[in-house]
Amino acid sequence: MSSVKIELRKDQTDKIHTICDSFGNQEGELINVLHKSQETFGYLPAEVQELIAEKLEISAAKVYGVVTFYSFFSMTPKGEFPISICTGTACYVRGAETVLNEFKKQLEMEVGETRTDGKFSLSCLRCVGACGLAPVVQVGDKTYGRVAPDDVKGIIEEYLPAGL
Amino acid sequence: MPEATLLANPVKKQIRIALRNCGVINPETIDEYIGKDGYFALGKVLTGLTPAEAIKVIKDSGIRGRGGAGFPTGLKWEFASKNNSDQKYVVCNADEGDPGAFMDRSILEGDPHSVLEAMALCGYCIGANTGYIYIRAEYPLAIERLKIAISQAREYGFLGNSVFGTGFDFDIHLKYGAGAFVCGEETSLIHSMEGLRGEPTLKPPFPAESGYLGKPTNVNNVETYANIPVIFLKGAAWFSGIGTEKSKGTKVFALAGKVNNVGLIEVPMGVTLREVIYEIGGGIRDGKAFKAVQTGGPSGGCLTEKDLDIPIDYENLIACGSMMGSGGMIVMDEDDCMVSIAKFFLDFSVEESCGKCSPCRIGNKRLYELLERICTGKGEMKDIDRLRNLSEVIKDTSLCGLGQSSPNPVLSTLDNFYHEYISHVEDKKCTAGVCRDLMEYFIVEDNCVGCTACARACPVGAITGERKEIHLINLEICIKCGACMEKCKFDAVILK
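Procedures and definitions
- What you see as residue numbers is a count from 1 along each chain, following the sequence as written.
- Here the convention is simple: chains get letters from A, ligands get numbers from 1, in the order in which they are written.
- Selection of residues for local features in this predicted model requires a pLDDT of at least 70, selection of side-chain atom pairs for listing and counting requires 80 or more, and totals for whole chains, interfaces and linings are taken over all residues.
- Side-chain calculation: all heavy atoms of the structure are included, whereas hydrogens and water are not.
- We count a stretch as a helix when DSSP gives it H or I for four or more residues in a row; a strand needs E for two or more, and each element gets its number in order from the N terminus.
- Type-normalised accessible area, obtained with a 1.4 Å probe on protein chains alone, sets the label of each residue: buried when under 20%, exposed when over 50%, and partly exposed for intermediate values.
- Working rule for contacts: check all heavy atoms of both residues, and any pair within 4.5 Å makes them a contact.
- By nonpolar core we mean a set of buried residues, namely Ala, Val, Leu, Ile, Met, Phe, Trp, Tyr and Cys, connected to one another through side-chain atoms within 4.5 Å.
- Pairing of aromatic rings covers Phe, Tyr and Trp, the last counted by its six-membered ring, and requires centre-to-centre distances within 6.5 Å; plane angles under 30 degrees mean stacked, over 60 mean edge-to-face, and any other angle means tilted.
- Cation placement over rings: the criterion is NZ of Lys or CZ of Arg within 6 Å of the ring centroid and within 35° of the ring normal.
- Should DSSP find at least two bridges between two strands, the strands are taken to pair.
- Between N-to-C directions, angles span 0 to 180 degrees; the directions come from axes that are lines fitted to C-alpha atoms, helices contributing only their stretch in contact.
- Once two parts are brought into contact, the accessible area they lose, counted with a 1.4 Å probe and summed over both, makes up the buried area.
- In the sections that follow, a salt bridge refers to a side-chain nitrogen of Lys or Arg positioned within 4 Å of a carboxyl oxygen of Asp or Glu.
- Any N or O atom pair separated by 3.5 Å or less is treated as a polar contact, with the protein-specific requirement of one donor-capable and one acceptor-capable atom, and with residues adjacent in sequence counted only for side-chain atom pairs.

Visitor: Help me out: how do you make sense of the environment of B:Gly249 in this one?
Guide: Residues and elements named next belong to chain B. Residue position: Gly249 is located in the loop between helix H10 (236–240) and strand E6 (250–257). For Gly249, a relative accessible area of 0% gives the class buried. Sequence separation of Gly249 and Ile231 is 18 residues, and the distance between their C-alpha atoms is 9.7 Å. Apart from the residues lying within four places of it in its own chain, the contact partners of Gly249 are Arg66, Phe239, Ile242, Gly243, Pro268 and Met269.

Listed below in structure tokens is the structure:
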């Protein structure tokens, strides 16, 4: 799956076992198990998937198949402040693309990347259902509405007062 | 996340049925829902009607599925009720994935009990005692409010064993989506509920015969359910008195894009797009000219000026080359390039195609590439024919609703904005000024002060001009990188 192997600590494997147990180790609960695991670890590395597969008695390929099918699941760690730009239709016609380009430029990174210092990751998402506020940007749980390219610098600085 | 925005002032022409309690009651207090006649319909039906009689009420009301396809809800329930099984399921499709639509989210956040009550009613009608709400993980507030609502309903005896002391058991659980648009398709949704990849399967068998875990399952959308309790309270005749001949009741639309008033509106079926955009939406922003309105999300099409006076209902929208879909309504003005809009939707469909069938997986990708070529000035006239042919093939041969409808944005823009395709291909011009590759950089003589900043920034030496004299861009050399525009402090470099 991924080339870098990570060692799971005892408390981490215990945690996964607890999650699987809480859903009765049922194959049909795989998506719920993955949600909980991602909440705990921030992402779903191959090692976590293998452990879940073992516990639910299904193949690792099946778990991997599900993880890669759904966009909510990630196999790479997100940044400390994950930035998501909504590219739903309403945001698109209100200029989400120019906002996205501004973020790319300011942060010098592409969509899907996490900055090497682990501070920011940049992603696009489809419609958060706040179309009245278009274009919308989310940083972690915080939502910014009616964002213009000129606002981008200010948003980044909120999370990085010392500057880039 | 802020709560979904409702229009502050309910404007005339609106009738609120599905949204009747949104913004009116505290959704975290069951007593307030009861105060608005909540759970009265459930009590009335459980104690006074047989399941067959109750299904007849829904059939007579004429309500059709609000999730997209518009299948008659009463018929769906009847099918599920007639299939005998030891176990049946009621499922609520809350995987609202259409970009630009957020009515389901508003209902779940603003009036979660109405959905729970309707699901219990459905359970009684079809003979099911378990319900699942399949909800997007992207809607944390809706999830929270549903959890509260379910526990309150259990406490009051509206869910659980022997509801209203009638011996009818019904309980509801949540299942979470994980970000896959195709899961709005009911067979995909059911596979996802089972913990699998959300890939669709051929129908028949329909979920009413073989759905969740192979048992008869009734799947309806949030907005459909939100209408159900009112229909039982006010009667089928009242409901079917609203709307058009074949489309009864109201529809919630998420009005967004380039209109002055954005937000959710609920209007009776049969109002016109003109009324929606100009009277409720307050017209186009910044005094610009209306160009198109896109309905039905990535599966729908773009409607134009000529369609503005057609009464909105399921049939009419399809006849115009679009569809009702879940009710997203995105208004576009003269600054929107319709070829780019088609490309935008195709990009979505390519991304969201599950990959199971090749027409959708490969066909949409090829459509996207053709549009990309046209938008970057590499298109030829044959590409326009290719677009149309390929679109027809994808529509005819895809496995599920996603692929069968994904070419709609292309076909409807080809029909209504053929001249824009032509100008992209033949003249290599984007009249709306969106496709950057088709635009060129110019220096506005009046603004240029001859500071030489642009000429120094140009990586290919395309800009000439002496200090304090007007500069000029040589378009033959220009690589359209935009460095000059960025460096100019006098707004003298423009793109057109």
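Next comes the rest of the write-up.
Visitor: Where do I start with the nonpolar core in this structure?
Guide: By size, the foremost hydrophobic cluster in this structure holds 111 residues, and its most contacted members are A:Phe103, B:Leu116, B:Ile133 and B:Ile135. For this core, the element with the most residues is helix H6 (residues 112–126) of chain B, which contributes ten residues. Residues in contact with B:Leu116, not counting those within four places in the same chain, are B:Tyr39, B:Ile133, B:Leu146, B:Ala149, B:Ile150, B:Ala153, B:Leu159 and B:Ile172. Counting residues in each nonpolar core, the second largest holds 42 residues, with A:Leu30, A:Phe69, B:Met193 and B:Cys354 among its members.

Visitor: Would you mind going over the packing of aromatic side chains with me for this structure?
Guide: Residues and elements named next belong to chain B. Inspection of the entire model under this criterion finds 18 aromatic pairs over all chains. On the basis of an interplanar angle of 40° and a centroid distance of 6.4 Å, the ring pair of Phe71 and Phe79 is categorised as tilted. We classify Phe71 as partly exposed; its relative accessible area is 38%. Residue class for Phe79 comes out partly exposed when judged on its relative accessible area of 42%. Judged by centre distance (5.1 Å) and plane angle (70°), the ring pair of Tyr132 and Tyr212 falls under edge-to-face. Linking Tyr132 in strand E2 (residues 130–135) with Tyr212 in the loop between helix H8 (186–193) and strand E5 (217–221), this pair joins segments that are 80 residues apart in sequence. Tyr212 matches Tyr132 in its accessibility class, with the two residues each being buried. Each member of the aromatic cluster is reached from another via a ring pair, and the members are Tyr33, Tyr39, Tyr156, Phe158 and Phe164. Directly above the aromatic system of Tyr139 lies the positively charged group of Arg105, at a separation of 5.8 Å from the ring centroid. The cationic tip of Arg136 hangs over the ring face of Tyr139; the distance from NZ or CZ to the ring centre is 5.0 Å.

Visitor: In this structure, what is going on with the sheet that holds strand E4 (residues 142–144) of chain A? I would like to understand it.
Guide: Two strands in a sheet stick together by hydrogen bonds in their backbones, pointing the same way (parallel) or opposite ways (antiparallel). All names here are of chain A. As summarised here, the arrangement of the four strands in space is E2-E1-E3-E4, forming an open sheet in which the pairing is mixed. Single-partner strands in this sheet number two, and they are strand E2 (120–125) and E4. Along the sheet, successive strands turn relative to each other by an average axial angle of 20°, direction set aside. In terms of strand pairing, strand E1 (residues 81–86) meets E2 through six bridges, oriented parallel. Bridge pairing links Pro82 to Ser121 in E2. Across the sheet, helix H7 (residues 152–159) is in contact with E1, E2, strand E3 (137–139) and E4; its angle to E4 comes to roughly 165°.

Visitor: For this particular structure, what's the right way to read the pairing of strand E3 (residues 160–163) of chain B?
Guide: On any regular strand, side chains alternate: one points to one face of the sheet, the next to the other face. Residue and element names in this part refer to chain B. Sheet topology note: the E3/strand E4 (residues 168–176) ladder contains two bridges and is antiparallel. Note that in E4 the partner of Gly160 across the bridge is Phe170. Remark: four residues form the turn of the hairpin made by E3 and E4, two consecutive strands paired antiparallel; Phe164 in that turn has positive phi of roughly 55°.

Visitor: Even after reading the chapter, I still don't get the interface of chain A and chain B, so can you show me in this structure?
Guide: With 35 residues of chain A at the contact, the number on the chain B side is 50 residues. Counting the surface lost from both chain A and chain B, the interface buries some 3,200 Å², and carbon and sulfur atoms represent 60% of this. Looking at the side of chain A facing chain B, the largest losses of area belong to A:Phe69, A:Thr89 and A:Arg126, adding up to 22% of the total buried there. Our count for the chain A to chain B interface comes out at two salt bridges. Of the charged contacts, one joins A:Glu29 and B:Lys175 as a salt bridge, the two residues approaching to 3.6 Å between their closest N and O atoms. Where chain A packs against chain B, one counts 13 residue pairs in polar contact (both at pLDDT 80 or more).

Geometry only, nothing functional implied.
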